[in-house]
Number of protein chains: 2
Amino acid sequence: MAKAPVLTPQADDFPRWYQDLINKAELADNGPVRGTMVIRPYGYGLWERMQQGMDARIKQAGAQNAYFPLFIPQSYLTREAEHVEGFAPELAVVTHAGGKELEEPVVVRPTSETIINEYFSKWVQSYRDLPLLINQWANVVRWEMRPRLFLRTSEFLWQEGHTAHATQEDARDYAARIHREVYEGFMTDVLAMDVVPGRKTAKERFAGAINTLTLEGMMGDGKALQLGTSHELGQNFAKAFHTQYLSADGEQEYVWQTSWGSTTRMIGALVMMHGDDNGLRVPPRLAHVQVVVLAIKGDDEVVAKVREVGERLKAVGLRVVVDDRTDTPFGRRAIDWELKGVPARVEIGPRDLEAGTAMLARRIPGGKEPVALDALAELLPKLLEEDQAQLLRESHERRVSRTVDVATVGEAAEAAATGWARIPWADLGVAGEAKLAEQGVTVRCLVGEDGGVPDADDAPGALAIVARAY
Amino acid sequence: MAKAPVLTPQADDFPRWYQDLINKAELADNGPVRGTMVIRPYGYGLWERMQQGMDARIKQAGAQNAYFPLFIPQSYLTREAEHVEGFAPELAVVTHAGGKELEEPVVVRPTSETIINEYFSKWVQSYRDLPLLINQWANVVRWEMRPRLFLRTSEFLWQEGHTAHATQEDARDYAARIHREVYEGFMTDVLAMDVVPGRKTAKERFAGAINTLTLEGMMGDGKALQLGTSHELGQNFAKAFHTQYLSADGEQEYVWQTSWGSTTRMIGALVMMHGDDNGLRVPPRLAHVQVVVLAIKGDDEVVAKVREVGERLKAVGLRVVVDDRTDTPFGRRAIDWELKGVPARVEIGPRDLEAGTAMLARRIPGGKEPVALDALAELLPKLLEEDQAQLLRESHERRVSRTVDVATVGEAAEAAATGWARIPWADLGVAGEAKLAEQGVTVRCLVGEDGGVPDADDAPGALAIVARAY
């Protein structure tokens, strides 16, 4: 008799599988206010590792962290016309504070371009102050009608970078640098996610930007998810907030700007890209728990041994948890660690002690085999790097095998039912994009024939990646 | 002719000196919404170092990080009567979101006991789930009528710990452990701040707590500042939110709880405790910039040398900035680093190159002397540890010399004009405390004769520390 599956199988109902996994792996809960989210310790541990890895790359790119207020005067939002039009429907508004009605309502930041420009205007005086490269880690609020944990939440956590440059070229280069070195680099090297770098069409651009660069990932069900965007803002906000500098030639000039963000949505992507019917599979370079050493029974010698092995594995730099909670049945604990996607489980029981071995269960390739206890410290780091590579390879193969080249809008819509379609932008165009939108299909990004990012929507040879998206 | 001072001297106007310093050292700016604050990169760098140091201690104490929503249903606040009474006047309320009026207004969290208890009630089932030790790094909002940067801001950044325990004793011990190992330990060892651990009187307790432990620091003007509190919540929130567990005996029991927080206010304390008329003095163990290596002139050889010296100092683990911005006059840059309180300045000009020396300016003891370039890497770490010790010693000596033992309410009020008074709580009592309050003087905390923390307000020998406070 087959055991009832712990999760709804992906093939039966992918959205339900996702919800089950988030819940049973203890990643997050729904908050009491519609669309908000409680990130539980295991889920937050993933976010902390993402923060550390991204923060190091952001600093490497020369940006410094700062913190701007949560509350923005409503009037700021209205200064950049496209920006307010884009965000107005999603705003949360504080009308009362300190026991009184406010004279001017304040909005809870949906993003911080406006308030940051107010300060850039004060801080930037001359060309010597440029480039000004700022990042902040913060929560933002965008009221969400169809919330889904990690993917679309009314409040989410993110980093948002904001920079000012003397020339358009410098701003463009910096947005491209963040797109490639910070976002694509981190997602590929650490998250083991195959992502496609591209350019958004005018329809999909950030409200207030002149160009948006994106990274798009294919999820386990063939849909797309946008992961990290970098915007060239041109001089739109500079003009709205009078952010000017004195050039070397003694002229007052408007700065050229960028902004760029990545969010807790990356946790949702991790689940939907690497998860399987048994739960999450966490890439070892990201994992805050790379190895769990489990005592099968509450025998004193076994407990002493799992602790000793745990210490030895920590000593070689692995991130290890020792699970000696033997008042909970072993089987339940093993399933729990499998759900949580810990890459390696080292299981030790009384019989293993005699043999000087442990059972090593590997979450990513799957399977179990006995391994000599003395060999673990040398073996595990190598196996974890293999696992890391396997996840990236799997996600790449999925994307390649489920992307088809098509020639018509009809074919593109059909392909988007199960995967992605690629179609020359010259053939699709704004009209084709509008037709696809009627069927819930969007142009995720434009890419060059050579895999590069086109300089403009009408760059020769630009291809549109077309898909359904989260 | 004496130069105009960069800052208003402390002795002339301490609050003005504080504002000048925050502004000129580029720590923070006022936000556009009343009471909010922009934390600039140099100030935020201090906060990042505080976060890292505190976070490691919090994890060492067994707590895990998580994240709870910014928005709390208004009804949650009202479930614990003292709690809502304490916070109601400071709440910011969102009444509109997503383009509509909300059915139930939501408050922006002033602290998270209520929403966290809602989830603890779900997560805690049996005694095996206890203790549950959670921390979060977050922003909170308490509407502020008399804002002052870092000390009282309508939005501030903090960590808030929330724990649930099976017994009152376990909760009490944990609150005491956080108070001593995390807060006092960090403030003493890293911030070089002399702080007094004590117990709040009933009047000064956190709204909803049965006991509040505090750390009080004496600022440069003799006033007190509360720095980090740990609360025993008893079963107040557990009863309001039905947070129960099944005991080993099979009984449903309410959990016993703690909460504890420390905030960006620590940056204000750093300024007011260690600052002088030339600016901030950052304790070397905290400093994100411990050493700045300055090129006096834009000579190629000099610039090459400062970079080389910078690399050598980084190689021994120092946190170093190389300042080769020689298009800005050297004197202005030197004053700027002095304002920012960087502990060591290594100044190199053309004449130093020949002699193989640099001028070493030490911010904490003051003074400048030539040092052989080759000696710096070995010398600086030792000098920085001396500087760290000096700051702690100075703050200790100030507190001791400006604290007087008194016997009457009148004497206590008089002493509080310039420093702290210590008076037996048995002599002062609730009535004396009320009289002092009329004169703007508060009981900062109760301490034991032996320097320990009294178990109860009426513990024999308890002394009240009485002061004016920020």
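Keep in mind that this is a model prediction, so the values were computed, not measured. (Residues numbered from 1 in each chain as written. Chains lettered and ligands numbered in written order. Predicted model: local features only at pLDDT ≥ 70, side-chain atom pairs only at ≥ 80, totals over all residues. Heavy atoms only, no water.)

## A short note on unusual backbone geometry
All names here are of chain A. Rules: The numbering of helices and of strands both runs from the N terminus, where a helix is a DSSP run of H or I of at least 4 residues and a strand a run of E of at least 2. The cut-offs for exposure are 20% and 50% of the maximum accessible area for each residue type, with area from a 1.4 Å probe on protein chains only; residues under the lower value are buried, those over the upper are exposed, and the others partly exposed.
With an omega of -5°, the peptide bond running from Leu 130 to Pro 131 counts as cis. Here Pro 131 is to be found in the loop between helix 5 (113-123) and strand 7 (132-141). Despite not being glycine, Glu 26 shows a phi value in the positive range, around 60°. Among the secondary structure elements, Glu 26 is positioned in the loop between helix 1 (14-24) and strand 1 (28-30). The phi angle at Ala 192 is positive, at roughly 55°, despite the residue not being glycine. Its relative accessible area of 1% is what places Ala 192 among the buried residues.

## Observations regarding the pattern of salt bridges
For clarity, the threshold we go by: What makes a salt bridge here is a side-chain nitrogen of Lys or Arg within 4 Å of a carboxyl oxygen of Asp or Glu, nothing more.
Following the criterion strictly, the structure yields 68 salt bridges over all chains and no others. Where Arg 128 of chain A meets Asp 327 of chain B, a salt bridge forms, and the shortest distance between an N and an O atom there is 3.4 Å. Of this pair, Arg 128 of chain A sits in the loop between helix 5 and strand 7 while Asp 327 of chain B sits in the loop between strand 16 (320-323) and helix 10 (330-340), on two different chains. We note a salt bridge from Arg 399 of chain A to Asp 194 of chain A, for which the minimum N-O separation is 2.7 Å. Of this pair, Arg 399 of chain A sits in helix 12 (residues 376-401) while Asp 194 of chain A sits in the loop between helix 6 (168-189) and strand 9 (195-199); the two residues are 205 residues apart in sequence, bridging distant segments of the chain. Like Arg 399 of chain A, the residue Asp 194 of chain A is buried in the burial classification. Within the structure, one salt-bridge network assembled from shared partners comprises Lys 305, Glu 308, Arg 312 and Asp 374 of chain A.

## Things to note about the relation of the copies chain A and chain B
Operational definition: We place the copies in one frame by least squares, fitting the C-alpha atoms of every residue whose pLDDT is at least 70 in both. In what follows, residue pairs with any heavy atoms lying within 4.5 Å of each other are defined as contacts.
Once chain A is rotated about the relating axis by 180° and shifted along it by 0.0 Å, it coincides with chain B to within an RMSD of 0.0 Å. What the rotation and shift describe, once combined, is the action of a two-fold rotation axis. Taking C-alpha positions as the reference, the residue of chain A nearest the rotation axis is Val 94 of chain A, at 2.1 Å. Counting the interface residues of chain A, we find that 100% of their copies in chain B are interface residues as well, pointing to one common contact surface.

## What to know about the pairing of strand 8 (residues 155-165) of chain B
Regular strands have side chains that alternate between both faces of the sheet. All names here are of chain B. Going by this rule: Two strands make a pair as long as DSSP finds a minimum of two bridges between them.
The buried fraction of strand 8 amounts to 11 of the 11 residues, a majority that puts the element mostly inside the structure. With burial as the criterion, each face of strand 8 is covered, one bearing Glu 155, Leu 157, Gln 159, Gly 161, Thr 163 and His 165 and the other bearing Phe 156, Trp 158, Glu 160, His 162 and Ala 164. Sheet topology note: the strand 7 (residues 132-141)/strand 8 ladder contains 10 bridges and is antiparallel. Looking at the pairing, Asn 135 lines up with Gly 161 of strand 8. Here 8 bridges tie strand 8 to strand 14 (residues 256-263), and the two strands are oriented antiparallel to one another. Bridging from a neighbouring strand, Gly 161 pairs with Trp 260 of strand 14.

## Quick look at the UniProt feature "domain: Aminoacyl-transfer RNA synthetases class-II family profile" (unreviewed entry) in chain A
Note the following rule: UniProt positions are given in the numbering used here, feature names are shortened, and annotations may be inferred rather than shown by experiment.
Those places that UniProt annotates as "domain: Aminoacyl-transfer RNA synthetases class-II family profile" (unreviewed entry) correspond, in this numbering, to residues 34-283 of chain A. Counting secondary structure, residues 34-283 of chain A comes out at 32% helix and 33% strand; the distance between its end C-alpha atoms is 31 Å.

## Brief notes about the sheet that holds strand 15 (residues 291-295) of chain A
Residue and element names in this part refer to chain A. What counts here: The axes are straight lines fitted to the C-alpha atoms, using for helices just the contacting stretch, and the angles between their N-to-C directions are given from 0 to 180°.
With respect to topology, 5 strands assemble into an open sheet ordered 16-15-17-18-19, the strand pairing being mixed. Looking along the sheet, the strands with just one partner apiece sit at the ends: strand 16 (320-323) and strand 19 (368-372). For this sheet the average axis-to-axis angle between neighbouring strands, irrespective of direction, equals 25°. Inspection of the sheet shows strand 15 paired to strand 16 by 4 bridges, in the parallel sense. Counted as the bridge partner of Val 291 is Val 320 from strand 16.

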